[in-house]
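# Observations on the three-dimensional arrangement
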Amino acid sequence: SMLYDECFFSSSGKNFAYYGKQKDTHVLDHHQEVIPQLDLTSIPTKENISFAASRVVFVRLYPGIDLKYLSSVAADRDILVLQSYHSATGPADEDSDLLKFVASQSKEVSIFMAGYSEELLELPYASSLELIRAGLYLCKNIPAYYLYVYLLMGLAVGLDKQALAENLSEFQVSS
């Protein structure tokens, strides 16, 4: 699991913890975590949720992620949610398939990435900024699965991908 590759991680979606060299755990008591909210006037139907689920995909990034894989999972989707690795980054060097994918697909597919915490990093990594410049939305302080559920439910209640991106604007990191 990538969980063990990272010094910082979200445990049960509530607290961040740090594993020190002695494998002891220190919980950061003041962690700021955002759970995006939707103003619902009604509960979406099962059909609407099923349709929305077919339009949103969740992908966990890994070093060397392949362009063919990204293109395949994003085909016929409106939104791609990426779980970043190592405190909100993804591969973005000049040979990066992820960077090529974002640059070529961000007009058709809204690409959101989660995993950046302002408490853990003062500024995003340069690779994250490159991905933002290519068209990716980097969301701060929102756990990836919460972001995925928010976007899925937003589509299910009739919001389009532009409206969802606008609703998340206060949580987005700009380059």
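Treat the numbers as computed from the prediction; the structure is a model and nothing was measured.

### Focus on the packing of helix 1 (residues 46-53) against helix 5 (residues 144-156)
In helix packing, the relevant descriptors are the interaxial angle and the interaxial distance, both defined with respect to the helix axes. Viewed as axis vectors pointing N to C, helix 1 and helix 5 meet at an angle of 125 degrees, and their least axial separation amounts to 8 Å. Comparing their axes, helix 5 and helix 1 come out oblique. By crossing handedness, the relation of helix 1 to helix 5 is classed as right-handed. Within the contact between the two elements, helix 1 uses Asn48, Ile49, Ala52 and Ala53 and helix 5 uses Leu152, Met153, Leu155 and Ala156. When the residues that make up the contact of helix 1 with helix 5 are grouped by side-chain class, the tally is seven nonpolar, one polar and no charged.

### Considering helix 2 (residues 67-74)
Those residues of helix 2 that fall on the buried side of the exposure criterion are Leu70, Val73 and Ala74. Down the axis of helix 2, the smallest arc covering the buried residues is 95 degrees, so these residues share one side. Turned more than 90 degrees from where helix 2 packs its buried face, Lys68 and Ser72 sit exposed. Residues of helix 2 that are buried sit in contact with strand 4 (56-60), strand 5 (79-83) and helix 3 (97-105). Two or three places before Lys68, at the start of helix 2, stands the capping residue Asp66, its side-chain oxygen 2.9 Å from that residue's backbone nitrogen. Positioned one or two residues after helix 2, Asp76 has a phi angle of 60 degrees, which is positive.

### Quick notes on the packing of helix 2 against helix 3
One way to put it is that helix 2 packs onto helix 3 with a least axis distance of 8 Å and a crossing angle of 40 degrees. Here helix 3 runs oblique to helix 2, going by the angle between their axes. Helix-helix and strand crossings are classified by hand; for helix 2 and helix 3 the assignment is right-handed. Contact residues: Leu67, Leu70, Ser71 and Ala74 in helix 2; Asp97, Leu98 and Phe101 in helix 3. Across the contact of helix 2 with helix 3, the residue classes tally to five nonpolar, one polar and one charged.

### Quick notes on the confidence of the model for the protein
Residues with a pLDDT of 70 or more make up 79% of the protein, whose mean pLDDT is 82. Here residues 1-20 is a poorly scored stretch, pLDDT under 50, and it has 41 contacts once near neighbours within four places are set aside; other chains count. In the predicted structure, residues 23-30 sits below a pLDDT of 50 and forms 15 contacts with residues beyond four places in sequence or in another chain.

### What to know about the pattern of salt bridges
The final tally for this structure, using the stated rule, is two salt bridges. Among the salt bridges present, the one from Asp78 reaches Arg55, with a minimum N-O distance of 3.0 Å. A residue pair is termed long-range when its members are at least 10 positions apart, and Asp78 in the loop between helix 2 and strand 5 and Arg55 in the loop between helix 1 and strand 4 qualify at 23 residues.

### Regarding the environment of Arg77
Structurally, the position occupied by Arg77 is in the loop between helix 2 and strand 5. With a relative accessible area of 25%, Arg77 lands in the partly exposed category. Put simply, Arg77 and Ser110 are 33 residues apart on the chain and 8.9 Å apart in space, counted from C-alpha to C-alpha. Apart from the residues lying within four places of it in its own chain, the contact partners of Arg77 are Ala53, Ser54, Arg55, Val56, Val57, Glu108 and Val109.

### Focus on the sheet that holds strand 4
Strands sit in the order 4-5-6-7-8 across an open sheet of five strands; the sheet is mixed. Two strands lie at the open edges of the sheet, namely strand 4 and strand 8 (172-173), each paired on one side alone. Relative to strand 7 (residues 137-140), strand 6 (residues 110-116) runs parallel, the two being bridged by three bridges. Among the inter-strand pairings, Met113 is bridged to a residue of strand 7, identified as Leu138.

The rules behind the values
Residues numbered from 1 in each chain as written. Predicted model: local features only at pLDDT ≥ 70, side-chain atom pairs only at ≥ 80, totals over all residues. Heavy atoms only, no water. Axes fitted to C-alpha atoms, helices over the stretch in contact; angles between N-to-C directions. Helix = DSSP H or I, 4+ residues; strand = E, 2+ residues; numbered from the N terminus. Parallel < 35°, antiparallel > 145°, perpendicular 65-115°, else oblique. Left-handed = near helix turned anticlockwise from the far one by under 90°. Contact = heavy atoms within 4.5 Å. Nonpolar A, V, L, I, M, F, W, Y, C, P; charged D, E, K, R; others polar. Buried < 20%, exposed > 50% of the residue type's maximum accessible area, 1.4 Å probe, protein only. Arc of directions from axis to C-beta. Polar contact = N/O pair within 3.5 Å; in protein donor to acceptor, adjacent residues only side chain to side chain. pLDDT = per-residue confidence, 0-100. Salt bridge = Lys/Arg side-chain N within 4 Å of Asp/Glu carboxyl O. Pairing = 2+ DSSP bridges.

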